[in-house]
Amino acid sequence: MVVQEVAPVAPGEELHAPGAGLPVGLAKRPDGIYIDLALSPLTLTAAINEVFHSHCYFAGLNYPVLNKALYGIGPEVGTPGKPGWARIADAVRVLAPERIALYKNPKLGRGYAEYYFETLYLDEMTLPDGTVIPERPTRLDVDEFVAEMWNKGILFGIEVAAVAAAIASTKADRITVATELEPEPGQDATVVEVSSDLHRSDAPKTRADGRVDLGSFQNRFPQIKANVRLLKKLPPVPGHPGFDLAGRMTPAAAPKDLTLRFFAGDGTEARELEDGEYLVSTREGFLNVDAKSNRISITDKIVSTDGVSGRTTGNLQLAGAYEEFGDVQEQRDVTGGDITVHGNVYGNIHSRGGTVVLDQNLVSGSIANAAGNITVTGVASGSVIHTAKGAVHIGRAENCVISGTIVTLVEASNCEIIADEIRIEVAEGCAVAGRNVEIDSAGPRRRTEMVVYVLVKDVSQFDQEIAELEQRVAGFEAANLEAQQEAERIAAVPDVRRYLALAAKLRAQELQLNAEQGQLLRKIAAAVATELQAIAKLRTDLQAGQTQQKLLQDKLARVIEQKAEAAGIARCGLRMVSGETMVRTMPFQADVAALTQLPAKDIKQRLRGSPSGEVLFCDSAGSLDWHLNARARQRPVDA
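In this numbering scheme, every chain counts its residues from 1 along its sequence in written order. Given that this is a predicted model, residues contribute local features only at a pLDDT of at least 70 and side-chain atom pairs are listed and counted only at 80 or more, while totals for whole chains, interfaces and linings are drawn from all residues. By convention in this description, side-chain values take in all heavy atoms of the structure and omit both hydrogens and water.

## Examining helix α2 (residues 63-71)
Part 1 of the reasoning: For every residue, the accessible area (1.4 Å probe, protein chains only) is compared with the maximum for its type, and the residue is labelled buried under 20%, exposed over 50%, or partly exposed between those bounds. Going along the chain from the N terminus, every DSSP run of H or I of four or more residues is numbered as a helix, and every run of E of two or more is numbered as a strand. Judged by how many residues are buried, α2 sits mostly within the fold: eight of nine residues are covered.
Part 2 of the reasoning: Y63, V65, L66, N67, K68, A69, L70 and Y71 are the residues of α2 that are buried.
Part 3 of the reasoning: Next to the buried residues of α2 lie β2 (32-36), α1 (41-53), β4 (85-89), α4 (142-151), α5 (160-168) and β18 (242-243).
Part 4 of the reasoning: Of the residues trailing α2, G72 is marked for its positive phi of about 70°. Between two residues, a contact is recorded if the distance between any of their heavy atoms is within 4.5 Å.

## Some details on α4
Part 1 of the reasoning: Counting buried positions along α4 yields eight of ten residues, so the element is predominantly enclosed.
Part 2 of the reasoning: Turning to α4, its buried residues number three or more, namely D143, E144, F145, V146, A147, E148, M149 and W150.
Part 3 of the reasoning: The definition of a polar contact used here is a pair of N or O atoms within 3.5 Å, where within protein one atom must be able to donate a hydrogen and the other to accept one, and adjacent residues in sequence count solely through side-chain atom pairs. Measuring from the backbone nitrogen of D143 back to the side-chain oxygen at the start of α4 gives 3.0 Å, which picks out D141 as the cap.
Part 4 of the reasoning: Phi for G153, located one or two positions after α4, is positive at around 100°.

## Some remarks on the environment of H53
Part 1 of the reasoning: With respect to the secondary-structure elements, H53 resides in helix α1.
Part 2 of the reasoning: Residue classification places H53 among the partly exposed positions, given a relative accessible area of 47%.
Part 3 of the reasoning: Remark: the alpha-carbon pair of H53 and A147, spanning 94 residues in sequence, is separated by 8.5 Å.
Part 4 of the reasoning: For H53, the residues in contact, after removing those within four places along its chain, are W150 and N151.

## Section: the pairing of β2
Part 1 of the reasoning: Counting buried positions over the five residues of β2 gives five, a clear majority of the element.
Part 2 of the reasoning: Linking strand β1 (residues 26-29) to β2, which pair antiparallel, is a turn of two residues.
Part 3 of the reasoning: Whether two strands pair comes down to DSSP finding at least two bridges between them. As judged from the four bridges shared by β2 and β4, these two strands associate in the antiparallel manner. The partner of Y34 across the bridge, within β4, is R87.

## Some remarks on unusual backbone geometry
Part 1 of the reasoning: Phi is positive for S364, close to 55°, though the residue is something other than glycine.
Part 2 of the reasoning: Tracing the backbone through its elements, the reader meets S364 in the loop between β30 (362-363) and β31 (366-369).
Part 3 of the reasoning: Using a relative accessible area of 56% as the deciding quantity, one classes S364 as exposed.
Part 4 of the reasoning: Positive phi, normally seen in glycine, also occurs at R446, with a value near 55°.
Part 5 of the reasoning: Residue position: R446 is located in the loop between β37 (431-443) and β38 (450-457).

## Re the nonpolar core
Part 1 of the reasoning: If you look at the biggest cluster of nonpolar residues, it comprises 52 residues, and the most contacted ones within it are I35, I48, F58, F117, L140 and F145.
Part 2 of the reasoning: If you tally residues by element for this core, the top one is α2, at six residues.
Part 3 of the reasoning: The residues touching I48, leaving out its near neighbours within four places in the chain, are L26, I35, F58, L66, L70 and W150.
Part 4 of the reasoning: The definition of a nonpolar core used throughout is a set of buried Ala, Val, Leu, Ile, Met, Phe, Trp, Tyr and Cys residues joined through side-chain atoms within 4.5 Å. The next biggest cluster of nonpolar side chains, apart from the first, holds 48 residues, and it includes V334, V341, V345 and A570.

## Focus: the packing of α1 against α2
Part 1 of the reasoning: The N-to-C vectors of α1 and α2 enclose an angle of 130°; their axes lie 7 Å apart at closest approach. Viewed along their axes, α1 and α2 adopt a mutual orientation that is oblique. The residues of α2 that touch α1, namely those facing P41, L44, T45 and I48, are L66, A69 and L70.
Part 2 of the reasoning: By residue class, the composition of the contact of α1 with α2 is six nonpolar, one polar and no charged. To get an axis, a line is fitted to the C-alpha atoms, and for a helix only the part in contact is used. The angle between two axes follows their N-to-C directions and goes from 0 to 180 degrees. Angles below 35 degrees are treated as roughly parallel, those above 145 as roughly antiparallel, those between 65 and 115 as roughly perpendicular, and all remaining angles as oblique. Think of it as three bins: nonpolar holds Ala, Val, Leu, Ile, Met, Phe, Trp, Tyr, Cys and Pro, charged holds Asp, Glu, Lys and Arg, and polar takes everything else, Gly as well.

## As for the confidence of the model for the chain
Part 1 of the reasoning: Per residue, pLDDT captures the predictor's confidence, and it can take any value from 0 to 100. Overall, the predicted model of the chain reaches an average pLDDT of 81, with 81% of residues at or above 70.
Part 2 of the reasoning: The low-confidence segment residues 1-20 (pLDDT under 50) makes 44 contacts with residues lying over four places distant or belonging to another chain.
Part 3 of the reasoning: Contacts for the low-pLDDT stretch residues 301-305, under 50 throughout, to residues beyond four places or in other chains number 15 contacts.

## As for the pairing of strand β7 (residues 112-117)
Part 1 of the reasoning: Burial within β7 is extensive, with five of its six residues counted as buried.
Part 2 of the reasoning: Where strand β6 (residues 107-108) meets β7, two bridges bridge the pair, whose relative direction is antiparallel. If you follow L108 over to β7, its bridge partner there is A113.
Part 3 of the reasoning: From the end of β6 to the start of β7, which pair antiparallel, there are three residues, and G111 there has a positive phi angle of about 90°.

What follows is the structure in structure tokens.
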């Protein structure tokens, strides 16, 4: 690449272009500096590299445009599909040597870079005419920062907003100033159903060992006409590459493809149509899905009746959504997704996802949803209700074990309930455990006690570090106070006090001395030299101690915030207690979801077993509104 020579200019002056100052790919126009997006990223990177390595920087830099030009990251610039020139900055200026010295090396981590921002000073300067410019405070500059970080190896990912905020702040702090961009994974090829009707097959299901399962029928699917689109292939979608801090590309993993014809059985075939590849029926009939091979076939006509029982359908395994207007009888299993039953359920429902809705009652049965909500409009009695990722809504529950992410009940009696968030209007004789529990009315039922456990994340591992930091902060505070008091004591000595007062007036140019007075002042200084040296040393020690104290205080605040973040939210609200009610904490190590995944018998044992944890409330009347103070030390409790 041919790069034009950068003309020497004075610090702070602009480099003039076009013609004599900017590398190929950059040009100066009346309103600022432009970059040629038609050139390759490699050429543009070399141009930017030339500017920054010449100890120049872009004033008023538009960092998103720079990322778009070099890495293709960010919003479109200019006319889409027609690359041209884009404005990147106001001007190119030379970075003075005294400014370069202000920028330190960043601290690099795995995929990020940190920088410590603090109060900076420019050294004392003597101008050519003899004028002395004393040491003075200064600040970093975002545009200079980008240039110097480039020269220190960070070519991508600078968070300019965070850098600008840190520079504007007067508080010293270490922040993350750059992060790498992780590659965005693509989407594997998949198939989606484009036919929504369902039917059932009354043929007994054949097991893997060749035996016939008389309790399960083959399938339940819709009647299909010829030339109907059944499945559509969604082709793989490639991902987007990422970039590390050095500007190197990190490619995304290639998505997986699939062959649609492998799903084609008798009466179906894969066809390439104008809007994609489809699995299409070649004759009229009923849809049948082989659970082993996943092949879809068009089979003979099958008879469908209402309800799920051994006489009508047997156990059902469905590929799509299912809606039943009859009852689900005892010992019958329904497996699918998005299941709605308008009758009573006495059997078991297993959902792979979506929602499970029961319009009437659930009696001595079970509902399990791998990912989705469960709603029982009527009564749930003697049943097990569980959702791994979703909410449970029940009108009235009796003698049930209920677990999920969110559980909402109108009435609950003799139930064991565990969830992240629990909301109950009336609870009697229940054992409840959650991170956020809200009960309008709580009390025992006959001989069954009412117990509420507030799940509290065990974050005691932070307490030792917090105690050590508090002890170190207190030690520096005491030492700093002692140094300050000693310096003030020495400075209060009459001769020292008079000398310090005269020296202060001389520095402020409030007083001028002749030769004889200057000689006298030097004699006074010699007389108190030992005291002055002691004061200087104490002040130096004090400044270092205060810096260490501030760093430890900042670290202590961060650890406390980390502890609060790790602990999360934990609260319990009881609006009215009508009978003996116990509220305790229940510490746990893993995520709440791990507790909700326990089998029903283990949930019962955990909630009805020997109580442990800190007692928050134990009374037969009153109310409670308790919130976890995660920033306080946790008292040790039994696990």
